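Structural overview
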Amino acid sequence: EDQVTQSPEALRLQEGESSSLNCSYTVSGLRGLFWYRQDPGKGPEFLFTLYSAGEEKEKERLKATLTKKESFLHITAPKPEDSATYLCAVQAPGANNLFFGTGTRLTVIP
Amino acid sequence: DVKVTQSSRYLVKRTGEKVFLECVQDMDHENMFWYRQDPGLGLRLIYFSYDVKMKEKGDIPEGYSVSREKKERFSLILESASTNQTSMYLCASRPGLAGRNIQYFGAGTRLSVL
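In this report, the structure presented in the accompanying data block is examined. Worth saying up front: this structure is predicted, and the values here are computed from it rather than measured.

1. Notes on the overall build of chain B
Scanning chain B from N- to C-terminus turns up zero helices and eleven strands. C-alpha atoms of chain B, sized along the principal axes, occupy 40 × 30 × 25 Å. Put simply, chain B has 114 residues, and 49% of those count as buried. Accessible surface for chain B amounts to roughly 5600 Å². Of this, 50% is attributable to carbon and sulfur atoms.

Shown next, in the form of C-alpha coordinates:
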(Lines give C-alpha, C1' and ligand atoms only; values in the text may rest on other atoms or scores of the structure.)
Protein backbone atom coordinates (compact mmCIF):
# COMPACT_ATOMS: atom_id res chain seq x y z
CA GLU A 1 0.00 0.00 0.00
CA ASP A 2 1.29 3.44 -0.92
CA GLN A 3 2.16 5.48 2.14
CA VAL A 4 3.48 8.93 2.92
CA THR A 5 4.78 9.68 6.42
CA GLN A 6 5.84 13.11 7.56
CA SER A 7 7.93 13.86 10.61
CA PRO A 8 7.93 15.48 13.00
CA GLU A 9 4.23 16.21 13.45
CA ALA A 10 5.08 19.57 14.97
CA LEU A 11 8.28 21.61 15.18
CA ARG A 12 9.03 24.77 17.13
CA LEU A 13 12.07 26.77 16.10
CA GLN A 14 13.61 29.99 17.25
CA GLU A 15 13.92 32.59 14.54
CA GLY A 16 17.17 31.87 12.67
CA GLU A 17 17.40 28.25 13.86
CA SER A 18 17.71 26.07 10.74
CA SER A 19 16.12 22.62 10.57
CA SER A 20 14.66 19.99 8.25
CA LEU A 21 11.28 18.36 7.75
CA ASN A 22 11.09 14.79 6.54
CA CYS A 23 8.72 13.04 4.14
CA SER A 24 9.22 9.31 3.63
CA TYR A 25 7.23 7.36 1.05
CA THR A 26 6.73 3.80 -0.10
CA VAL A 27 5.37 4.43 -3.59
CA SER A 28 7.04 2.32 -6.26
CA GLY A 29 7.96 4.14 -9.43
CA LEU A 30 7.35 7.61 -8.08
CA ARG A 31 6.06 10.00 -10.72
CA GLY A 32 6.50 13.09 -8.60
CA LEU A 33 6.81 14.38 -5.04
CA PHE A 34 5.17 17.67 -4.11
CA TRP A 35 5.60 20.09 -1.22
CA TYR A 36 2.83 22.48 -0.25
CA ARG A 37 2.51 25.12 2.43
CA GLN A 38 -0.82 25.59 4.22
CA ASP A 39 -1.68 28.52 6.46
CA PRO A 40 -4.47 28.13 9.04
CA GLY A 41 -7.92 28.24 7.47
CA LYS A 42 -6.55 28.37 3.93
CA GLY A 43 -5.93 25.99 1.05
CA PRO A 44 -2.50 24.46 0.35
CA GLU A 45 -0.12 26.60 -1.67
CA PHE A 46 2.24 24.84 -4.07
CA LEU A 47 5.96 25.10 -3.29
CA PHE A 48 7.99 22.48 -5.18
CA THR A 49 7.83 19.41 -7.38
CA LEU A 50 10.65 16.84 -7.45
CA TYR A 51 10.70 14.06 -10.01
CA SER A 52 13.92 12.07 -9.59
CA ALA A 53 16.38 11.11 -6.88
CA GLY A 54 19.13 13.67 -6.46
CA GLU A 55 16.96 16.56 -7.60
CA GLU A 56 16.91 19.75 -5.52
CA LYS A 57 14.74 22.86 -5.66
CA GLU A 58 15.13 26.14 -3.78
CA LYS A 59 12.90 29.06 -3.00
CA GLU A 60 14.01 31.78 -0.59
CA ARG A 61 14.77 30.05 2.74
CA LEU A 62 13.40 26.68 1.61
CA LYS A 63 15.24 23.88 -0.14
CA ALA A 64 13.68 20.55 -1.08
CA THR A 65 15.69 17.42 -1.81
CA LEU A 66 14.70 13.93 -2.96
CA THR A 67 16.15 10.46 -2.51
CA LYS A 68 14.64 7.13 -3.53
CA LYS A 69 12.79 6.79 -0.25
CA GLU A 70 12.38 10.25 1.22
CA SER A 71 12.37 13.97 0.74
CA PHE A 72 13.61 16.71 3.02
CA LEU A 73 12.44 20.28 3.24
CA HIS A 74 15.33 22.28 4.67
CA ILE A 75 14.54 25.63 6.24
CA THR A 76 17.49 27.97 6.60
CA ALA A 77 17.36 30.83 9.10
CA PRO A 78 13.55 30.71 9.37
CA LYS A 79 11.43 33.75 10.12
CA PRO A 80 8.08 33.91 11.94
CA GLU A 81 6.29 34.24 8.58
CA ASP A 82 7.50 30.73 7.71
CA SER A 83 5.14 29.37 10.36
CA ALA A 84 2.64 27.10 8.62
CA THR A 85 1.82 23.45 8.03
CA TYR A 86 3.98 21.87 5.34
CA LEU A 87 2.39 19.06 3.37
CA CYS A 88 4.11 16.43 1.29
CA ALA A 89 2.30 14.52 -1.46
CA VAL A 90 3.25 11.84 -3.96
CA GLN A 91 1.94 10.75 -7.33
CA ALA A 92 2.05 7.02 -8.01
CA PRO A 93 2.34 5.49 -11.50
CA GLY A 94 -0.97 5.51 -13.34
CA ALA A 95 -2.60 7.67 -10.69
CA ASN A 96 -4.42 10.85 -11.57
CA ASN A 97 -4.39 12.23 -8.04
CA LEU A 98 -1.93 12.93 -5.25
CA PHE A 99 -1.59 11.03 -1.99
CA PHE A 100 -0.90 13.36 0.93
CA GLY A 101 0.90 13.00 4.23
CA THR A 102 -0.60 14.51 7.37
CA GLY A 103 1.82 17.41 7.46
CA THR A 104 4.34 19.06 9.78
CA ARG A 105 3.13 22.07 11.71
CA LEU A 106 6.03 24.53 11.94
CA THR A 107 6.09 27.38 14.44
CA VAL A 108 8.90 29.92 14.30
CA ILE A 109 9.23 31.99 17.46
CA PRO A 110 10.61 35.55 17.21
CA ASP B 1 -1.89 33.13 -11.75
CA VAL B 2 -4.15 30.15 -11.41
CA LYS B 3 -7.28 30.92 -9.49
CA VAL B 4 -9.51 28.32 -7.89
CA THR B 5 -12.51 29.85 -6.20
CA GLN B 6 -14.75 28.08 -3.73
CA SER B 7 -18.11 29.75 -3.32
CA SER B 8 -18.27 29.70 0.48
CA ARG B 9 -15.61 29.93 3.17
CA TYR B 10 -17.94 28.80 5.96
CA LEU B 11 -21.20 26.88 5.90
CA VAL B 12 -23.46 25.67 8.68
CA LYS B 13 -26.10 23.09 7.75
CA ARG B 14 -28.55 20.82 9.52
CA THR B 15 -28.47 17.04 9.48
CA GLY B 16 -30.40 15.73 6.48
CA GLU B 17 -30.05 18.87 4.37
CA LYS B 18 -28.82 18.68 0.79
CA VAL B 19 -25.61 20.68 0.51
CA PHE B 20 -23.89 22.05 -2.58
CA LEU B 21 -20.25 23.11 -2.56
CA GLU B 22 -19.18 24.96 -5.68
CA CYS B 23 -15.73 25.35 -7.19
CA VAL B 24 -14.67 27.38 -10.23
CA GLN B 25 -11.25 27.54 -11.87
CA ASP B 26 -10.15 30.10 -14.43
CA MET B 27 -7.23 28.32 -16.13
CA ASP B 28 -9.03 25.95 -18.49
CA HIS B 29 -7.75 22.93 -16.53
CA GLU B 30 -9.04 19.51 -17.55
CA ASN B 31 -8.79 17.93 -14.11
CA MET B 32 -10.59 18.95 -10.96
CA PHE B 33 -10.62 17.36 -7.50
CA TRP B 34 -12.53 17.43 -4.23
CA TYR B 35 -10.75 16.58 -0.96
CA ARG B 36 -11.72 16.71 2.65
CA GLN B 37 -9.19 17.54 5.35
CA ASP B 38 -9.50 16.36 8.92
CA PRO B 39 -7.00 16.69 11.80
CA GLY B 40 -4.62 13.72 11.90
CA LEU B 41 -5.97 12.28 8.63
CA GLY B 42 -4.60 14.72 6.10
CA LEU B 43 -6.24 15.34 2.75
CA ARG B 44 -8.38 12.52 1.45
CA LEU B 45 -9.71 12.41 -2.10
CA ILE B 46 -13.49 12.25 -2.46
CA TYR B 47 -13.98 12.51 -6.23
CA PHE B 48 -12.17 13.82 -9.24
CA SER B 49 -13.09 14.70 -12.79
CA TYR B 50 -10.84 14.56 -15.83
CA ASP B 51 -13.29 16.06 -18.30
CA VAL B 52 -16.73 17.58 -18.56
CA LYS B 53 -19.38 15.09 -17.39
CA MET B 54 -16.66 12.59 -16.44
CA LYS B 55 -16.00 11.62 -12.83
CA GLU B 56 -14.20 9.00 -10.84
CA LYS B 57 -14.49 7.99 -7.21
CA GLY B 58 -11.63 8.73 -4.89
CA ASP B 59 -10.85 7.09 -1.57
CA ILE B 60 -13.94 8.21 0.37
CA PRO B 61 -16.89 8.79 -2.01
CA GLU B 62 -19.63 7.44 0.25
CA GLY B 63 -22.28 10.05 1.01
CA TYR B 64 -21.09 12.38 -1.74
CA SER B 65 -21.78 12.96 -5.42
CA VAL B 66 -20.34 15.41 -7.93
CA SER B 67 -21.35 17.30 -11.03
CA ARG B 68 -19.27 18.77 -13.81
CA GLU B 69 -21.48 20.29 -16.48
CA LYS B 70 -18.93 22.90 -17.57
CA LYS B 71 -15.16 22.65 -17.73
CA GLU B 72 -14.55 25.43 -15.24
CA ARG B 73 -17.02 24.30 -12.57
CA PHE B 74 -16.98 21.25 -10.30
CA SER B 75 -19.65 20.80 -7.67
CA LEU B 76 -19.65 18.55 -4.62
CA ILE B 77 -23.05 17.44 -3.37
CA LEU B 78 -23.90 16.03 0.03
CA GLU B 79 -27.25 14.36 -0.63
CA SER B 80 -28.21 14.17 3.05
CA ALA B 81 -25.69 15.85 5.30
CA SER B 82 -24.58 14.04 8.43
CA THR B 83 -22.52 15.21 11.39
CA ASN B 84 -19.57 13.06 10.34
CA GLN B 85 -19.31 15.19 7.20
CA THR B 86 -18.28 18.19 9.27
CA SER B 87 -14.89 19.00 7.79
CA MET B 88 -12.75 21.32 5.67
CA TYR B 89 -13.46 20.75 1.98
CA LEU B 90 -10.81 21.65 -0.57
CA CYS B 91 -11.18 21.90 -4.33
CA ALA B 92 -8.18 21.65 -6.65
CA SER B 93 -7.52 21.77 -10.37
CA ARG B 94 -4.61 20.87 -12.61
CA PRO B 95 -3.88 20.92 -16.32
CA GLY B 96 -4.04 17.73 -18.34
CA LEU B 97 -0.36 17.80 -19.26
CA ALA B 98 1.36 14.46 -18.85
CA GLY B 99 3.93 14.46 -16.07
CA ARG B 100 2.88 17.80 -14.62
CA ASN B 101 0.58 17.05 -11.76
CA ILE B 102 0.75 20.36 -9.90
CA GLN B 103 -2.62 20.78 -8.26
CA TYR B 104 -3.79 24.28 -7.40
CA PHE B 105 -6.12 24.61 -4.46
CA GLY B 106 -8.93 26.88 -3.49
CA ALA B 107 -9.16 28.53 -0.07
CA GLY B 108 -11.42 25.80 1.28
CA THR B 109 -14.94 25.59 2.69
CA ARG B 110 -15.33 24.80 6.35
CA LEU B 111 -18.61 22.93 6.69
CA SER B 112 -20.31 22.31 10.00
CA VAL B 113 -23.26 19.92 10.09
CA LEU B 114 -25.36 20.26 13.24
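2. Regarding the overall build of chain A
Counting its regular elements, chain A contains zero helices and eleven strands. For the C-alpha atoms alone, the extent of chain A along its principal axes is close to 45 × 30 × 20 Å. Taking all 110 residues of chain A together, the buried fraction comes to 47%. Residue pairs at least 24 apart in sequence account for 55% of intrachain contacts in chain A once pairs closer than 6 positions are excluded. Split by element, the accessible area of chain A, about 5300 Å² in all, is 47% carbon and sulfur. Distance between charge centroids for chain A: 2 Å, based on 12 positive and 14 negative side chains.

3. Quick notes on the interface of chain B and chain A
Each partner contributes residues to the interface: chain B has 23 residues there, and chain A has 19 residues. Summing the contributions of chain B and of chain A, the shared interface buries around 1600 Å²; its carbon and sulfur component is 53%. Linking chain B to chain A there are four residue pairs in polar contact (both at pLDDT 80 or more). Those elements that provide at least two residues to the side of chain B that touches chain A are β4 (31-38), β5 (42-51) and β9 (87-94) of chain B. The element that contributes the greatest number of residues to the side of chain B that touches chain A is β5(B), accounting for five residues.

4. Let's talk about the nonpolar core
Of all hydrophobic cores here, the largest spans 25 residues; its most connected members are Tyr25(A), Leu33(A), Trp35(A), Leu73(A) and Tyr86(A). Of all the elements in the fold, those that place two or more residues in this core are β2 (10-14), β3 (19-25), β4 (32-38), β5 (45-50), β7 (62-66), β8 (70-75), β9 (84-91) and β11 (104-109) of chain A. By residue number, the principal contributor to this core is β9(A), which donates four residues. Setting aside anything within four residues of it in sequence, one finds Leu73(A) in contact with Ser19(A), Ser20(A), Leu21(A), Trp35(A), Phe48(A), Leu62(A), Lys63(A), Ala64(A) and Tyr86(A). In this structure, Tyr64(B), Phe74(B), Ala81(B) and Val113(B) belong to the second largest nonpolar core, which totals 20 residues.

5. Regarding the sheet that holds β8(A)
Residue and element names in this part refer to chain A. Pairing in this open sheet of five strands is antiparallel, and the strands run β1-β3-β8-β7-β6 from one edge to the other. Bordering the open sheet on either side are β1 (4-7) and β6 (56-59), each of which pairs with just one other strand. With strand direction ignored, the average angle separating the axes of adjacent strands in the sheet is 15°.

6. Quick notes on the pairing of β4(A)
Residue and element names in this part refer to chain A. Of all the seven residues making up β4, seven are buried; the element is thus mostly covered by neighbouring parts of the structure. Of the two faces of β4, the one carrying Gly-32, Phe-34, Tyr-36 and Gln-38 and the one carrying Leu-33, Trp-35 and Arg-37 are both buried. Here β4 pairs with β9 via seven bridges, running antiparallel. Each bridged residue has a counterpart across the sheet, and for Phe-34 the counterpart in β9 is Ala-89.

7. What about the pattern of salt bridges?
What the rule picks out here adds up to ten salt bridges over all chains. One salt bridge connects Asp39(A) with Arg37(A), and the closest N-O pair in it is separated by 3.0 Å. Close ionic contact of Lys18(B) with Glu79(B) constitutes a salt bridge, the shortest N to O distance being 3.6 Å. Taken together, the residues span a long stretch of sequence, with Lys18(B) in the loop between β2 (10-13) and β3 (19-25) and Glu79(B) in the loop between β8 (73-78) and β9 at a distance of 61 residues. Looking at Glu79(B), the relative accessible area reads 41%, which means it is partly exposed. By sharing partners, the salt bridges in this structure join Asp28(B), Glu30(B) and Lys71(B) into a single network.

8. Some points on the sheet that holds β3(B)
All names here are of chain B. Strand order in the open sheet formed by four strands is β1-β3-β8-β7, and the pairing between neighbours is antiparallel. The open sheet is flanked by β1 (4-6) and β7 (64-70), the only strands paired with a single partner. Put simply, the sheet's adjacent strands are angled 20° from each other on average, direction ignored. Pairing between β1 and β3: three bridges, direction antiparallel. Looking at β3, one finds that Gln-6 is bridged to Cys-23.

Quick notes on the rules
Residues numbered from 1 in each chain as written. Chains lettered and ligands numbered in written order. Predicted model: local features only at pLDDT ≥ 70, side-chain atom pairs only at ≥ 80, totals over all residues. Heavy atoms only, no water. Helix = DSSP H or I, 4+ residues; strand = E, 2+ residues; numbered from the N terminus. Buried < 20%, exposed > 50% of the residue type's maximum accessible area, 1.4 Å probe, protein only. Areas by Shrake-Rupley, 256 points an atom, 1.4 Å probe, with all protein chains shown as cover. Contact = heavy atoms within 4.5 Å. Lys, Arg positive; Asp, Glu negative; His and termini not counted. Charge placed at Lys NZ, Arg CZ, Asp CG, Glu CD. Buried area = accessible area lost by both parts, 1.4 Å probe. Polar contact = N/O pair within 3.5 Å; in protein donor to acceptor, adjacent residues only side chain to side chain. Core = buried A, V, L, I, M, F, W, Y, C linked by side-chain atoms within 4.5 Å. Pairing = 2+ DSSP bridges. Axes fitted to C-alpha atoms, helices over the stretch in contact; angles between N-to-C directions. Salt bridge = Lys/Arg side-chain N within 4 Å of Asp/Glu carboxyl O.

The values are spatial; any link to function lies outside them.
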